Amino acid sequence: MIPATDPELADDLVAAVRKYVQQEVVPAASALEHADAYPDELVDGLAALGLFGATIPLEYGGLGLDTVTYARIVEEVAAGWMSLTGVFNTHLIGATLLKLHGTEDQRRRWLPQMASGERRGCLSLSEPDAGSDTRALRCRATPDGDEYVIDGTKAWVTNGERAGIVALAAKTPEGITCFMVEKEPGHTSGGITVSRKIDKLGYKGVETVEMTYDAHRVPVTAVLGGVEALGRGLPQILGALELGRVNIAARACGVARAAFEASMRYAQQRQTFGVPIARHQAIQFKLADMATKLEASRLLTRSAAQRIDAGERADVEAGMAKLFASETAFEVATEAMRVHGGYGYTTELPVERYYRDAPLMLIGEGTNEIQRLVIARGLLDRYES
Amino acid sequence: MNVVVCVKQIPDPASPGKLDPSTKTLVREGKLVVDDSDMYGIEMALQLVGTAGGGEVTLVSMAPNNETAGLRTGLAMGAAKAILVSDDSLKGADALTTAKVLAAAIKRVNPDLVIAATESTDGYTGTLPVQMAELLGFPSITFAKSVQVDGTTVKVDRQTEAGYDEVECPLPAVVTVTAGVVEPRYPSFKGIMAAKGKPVEQLTVADLGIDGGVAVTQEVTDVVAAEARKAGEIVTDEGDAHERIVQFLEQLKVI
Ligand SMILES: Cc1cc2nc3c(=O)[nH]c(=O)nc-3n(C[C@H](O)[C@H](O)[C@H](O)COP(=O)(O)OP(=O)(O)OC[C@H]3O[C@@H](n4cnc5c(N)ncnc54)[C@H](O)[C@@H]3O)c2cc1C
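Residues numbered from 1 in each chain as written. Chains lettered and ligands numbered in written order. Predicted model: local features only at pLDDT ≥ 70, side-chain atom pairs only at ≥ 80, totals over all residues.

## Side note on the overall build of chain A
In terms of helices and strands, chain A carries 10 helices and 10 strands. Scaling as 2.2 N^0.38, a compact globule of 385 residues should have a C-alpha radius of gyration of about 21 Å, and chain A matches this with 21 Å. The dimensions of chain A, computed from C-alpha atoms along their principal axes, are 80 × 50 × 40 Å. Within the span of chain A, comprising 385 residues, buried residues form 53% of the whole. Restricting the contact set of chain A to residue pairs at least 6 apart, pairs at least 24 apart contribute 74%. (Helix = DSSP H or I, 4+ residues; strand = E, 2+ residues; numbered from the N terminus. Rg over C-alpha atoms; globule rule 2.2 N^0.38 Å. Buried ≥ 20, exposed ≤ 12 C-beta atoms within 10 Å, placed from the backbone. Contact = placed C-beta atoms within 7 Å.)

Below you can see the structure in the form of structure tokens.
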């Protein structure tokens, strides 16, 4: 159970984020994105607002916001620039892992630093040869006295370079274990090296890297939840990914909203055959479909968030929200480009950015094919006859 | 050092304003927001108190319907408390009436310094701060583009058409600050949460005990649309464009 955020307070927080995004993010996003430049100032601004502690409980220095409010905030940020939501997503997944499964010592040690943004987190599950198929993980953690020695290569680590703590999935004799690995932000730290920065179609600015572990040593106290939790890494991480999937769904709502609102404005300004294109039925149908699917995405996202807040298992609902909202964002971004005609295809308008950013949500945090498996399996469980 | 900031809560400039056809004044029903021009004063006050190393910022506002939404923004930024005067009898109040009310409210906190914006975004009379200073018996300095407090003196760079004057006067004083004087901070989430619990004292005219009372006597007799903006002049360069632009700017006295 996550205590509900006062609705009036939630509105104020969302309004404050919206203002920040409008004044600081929207004017800067396209240039930073085209340069693939890390948005240091904007990230500092988000940290000053307190976003890095959004879902971390009050007793550990966070804001203790409920998931419903968190999702609204993510939508606001993504409507300005989707990449920014990636900066705090895996950070908060790491914090959620600590909140749900960490020992009290682990929580006290890391959560306050994470809440202030002073120590930033990332999640490192995927490998070059193990994405959907998490059983194929090869990264190893070998026990050696009261330490573990980690070897392996991790792929797709968003925030990997700047992070000061990694929620890492590695194989131990008991199975897959989640380690909370402290590191210095930067290219190397102990046996950890950022071996490659991955260039991407969209989702630029924020780094996604490959990381190599070469006999990197961590103390036993790095095992999330202590030694009793050895081998329980996968269920721990997959559970925390429910929050991640709500984040992805909310981002998708943000991107879809930005694309939809740009289309609404443009359709009323652009004239063809003597009338604004918004008067042509072909365009009206697009606008109607965009808005309807956006609204449905938002409601699915809220419903998944409510389930997490209620302390119920939300794999099916978070999967549905992630699946539907990301497909919607992809579709709405494409339709927005059509509405904008040739201008939508230029780098002068942000529509092309929405179009390049949207596909990430189809893949990240579990592909939509995998979401369908999760949804179907979950439903078959619930309807078991 | 204790600083009072006068904060006006106005209809959201982002949504189109409406005039009440009978009173010919701005409709002020519905949610109000803090006037953006006051954000500079709030920030300036917070910085001055920070530099002084002690004291607090109090917001003072007069607004209809016990509206506090705009004050919450200032409290979220870091002000300690607020005083709100809300009274049906003040509907349609002119600048002098408002000045009387605010002065009476400000007296209750005995501030070292009172900060206001040079003018409000919805009214633009720009007369209230000096009227208020007169009623409080404080000296006033207008159009501050920088403010420093040194012991019992306030030192101000006062914006003029030609540049700025360096002016100082003893505290307590009223200072009006121009837009852009400082960069207003964004209220943090923690600030927004804390603002919910900060005290907002709600007063009526009767609570203020103003000598001679206040009566709203102003009547707006007519409203006319502003003259449409004239089209700009296009200077085509025939070798002398720079001279013509310089001449034009000289005419405007901007260079
Ligand atoms: C920009 C970006 C950032 C990322 N950030 C992170 C991060 O911070 N941390 C992290 O751990 N990971 C991260 N990821 C990794 C992401 O979660 C994986 O890419 C994703 O899970 C898919 O894995 P894969 O790329 O190996 O594809 P594969 O698993 O190889 O899938 C290839 C295709 O096969 C399909 N497929 C696979 N198995 C099945 C099946 N059983 N049934 C039907 N279809 C199937 C998939 O849906 C897909 O279409 C990131 C990815 C990207 C692109």
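Past the structure itself, the notes keep going.
## Looking at the sheet that holds strand β4 (residues 57-62) of chain B
Residue and element names in this part refer to chain B. Here we have 9 strands laid out as an open sheet, ordered β9-β8-β7-β10-β6-β1-β4-β5-β11, and mixed in their pairing. Across the chains shown, the open sheet's two edge strands, defined by having one partner strand only, are β9 (164-170) and β11 (200-203). The sheet shows a mean angle of 30° between the axes of neighbouring strands, taken without regard to direction. Where strand β5 (residues 81-85) meets β11, 4 bridges bridge the pair, whose relative direction is parallel. By the bridge assignment, Ile83 is partnered in β11 with Glu201. (Pairing = 2+ DSSP bridges. Axes fitted to C-alpha atoms, helices over the stretch in contact; angles between N-to-C directions.)

## Some details on the UniProt feature "domain: Electron transfer flavoprotein alpha/beta-subunit N-terminal" (unreviewed entry) in chain B
UniProt marks residues 23-212 of chain B with the feature "domain: Electron transfer flavoprotein alpha/beta-subunit N-terminal" (unreviewed entry), using the numbering shown here. The span residues 23-212 of chain B is 31% helix and 28% strand, and its two end C-alpha atoms sit 25 Å from each other. (UniProt positions renumbered as here; feature names shortened; annotations may be inferred.)

## Regarding the site of the ligand
All names here are of chain A. Around the ligand, 23 residues are found, and the nearest of them are Gly131, Ser132, Trp156, Thr367 and Glu369. Those elements that provide at least two residues to the shell around the ligand are β1 (121-124), β3 (147-158), α9 (351-363) and α10 (368-382). Built from parts of two domains, the shell around the ligand gets at least three residues from each of domain 2 (121-231) and domain 3 (234-382). (Near = placed C-beta within 6 Å. Domains from an automatic or database assignment.)

## Focus on the UniProt feature "domain: Acyl-CoA dehydrogenase/oxidase C-terminal" (unreviewed entry) in chain A
According to UniProt, the feature "domain: Acyl-CoA dehydrogenase/oxidase C-terminal" (unreviewed entry) maps to residues 231-380 of chain A in the numbering used here. Between the end C-alpha atoms of residues 231-380 of chain A there is a gap of 26 Å, over a span that is 81% helix and 3% strand.

## Description of the nonpolar core
Core analysis: the biggest nonpolar cluster contains 187 residues, and Phe179, Val255, Ala259 and Ala333 of chain A together with Val175 of chain B have the highest contact counts within it. If you tally residues by element for this core, the top one is helix α6 (residues 233-269) of chain A, at 18 residues. Those residues in contact with Val255 of chain A that sit more than four places away from it in its chain are Ala78, Met82, Ala329, Ala333, Tyr354, Asp357 and Ala358 of chain A. (Core = buried A, V, L, I, M, F, W, Y, C linked by C-beta atoms within 7 Å.)

## Digging into the interface of chain A and chain B
Listed as interface residues are 9 residues of chain A and, on the opposing side, 8 residues of chain B. Elements with a contribution of two residues or more to the side of chain A that touches chain B: α1 (7-35) and α2 (40-49) of chain A. Class assignment of the residues belonging to the side of chain A that touches chain B gives a composition of 7 nonpolar, 1 polar and 1 charged. (Nonpolar A, V, L, I, M, F, W, Y, C, P; charged D, E, K, R; others polar.)

## Examining the pairing of β4 of chain B
Residues and elements named next belong to chain B. In terms of burial, β4 is largely enclosed, as 6 of its 6 residues are buried. Bridge count for strand β1 (residues 3-6) against β4 is 4 bridges, and the pairing is parallel. Bridged to Val5 within β4 is Leu59. With 5 bridges connecting them, β4 and β5 associate as parallel partners. By the bridge assignment for β5, Leu59 is matched with Ala82. One crossover worth recording links β4 to the parallel β5 by way of helix α2 (residues 69-77), and it is right-handed. (Right-handed = clockwise from strand over helix to strand, strands pointing away.)

## Notes on the domain arrangement of chain A
Residues and elements named next belong to chain A. When the domains of chain A are assigned, the result is domain 1 (7-116), domain 2 (121-231) and domain 3 (234-382). Measuring from the centre of the C-alpha atoms in domain 1 to the corresponding centre in domain 2 gives 22 Å. Taken together, the contact pairs 23 residues of domain 1 with 18 residues of domain 2. Counting only elements with at least two residues in the side of domain 1 that touches domain 2, the list comes to α1, α4 (83-101) and α5 (104-116). With 11 residues, α4 is the largest single contributor of residues to the side of domain 1 that touches domain 2.

## A look at the packing of helix α3 (residues 67-80) of chain A against helix α7 (residues 281-309) of chain A
As a packed pair, α3 of chain A and α7 of chain A sit with axes 8 Å apart at the nearest point and diverge in direction by 145°. Note on element contacts: α7 of chain A touches α3 of chain A through Thr301, Arg302, Ala305, Gln306, Ile308 and Asp309 of chain A, opposite Thr67, Val68 and Ala71 of chain A.

## Section: α4 of chain A
For α4 of chain A, built from 19 residues, the straight-helix expectation of 27 Å at 1.5 Å per residue is met to within 8% by its first-to-last C-alpha distance of 28 Å. Along α4 of chain A, 17 of the 19 residues are buried, which leaves the element largely enclosed by surrounding structure. (Expected span 1.5 Å × (residues − 1).)

## Regarding the environment of Met39 of chain B
All names here are of chain B. Checked against the element boundaries, Met39 lands in helix α1 (residues 36-52). Here Met39 falls in the buried class, since 21 other C-beta atoms lie within 10 Å of it. With 213 residues separating them along the chain, Met39 and Leu252 place their C-alpha atoms 30 Å apart. In contact with Met39, other than residues within four places in its own chain, are Val34 and Pro184.

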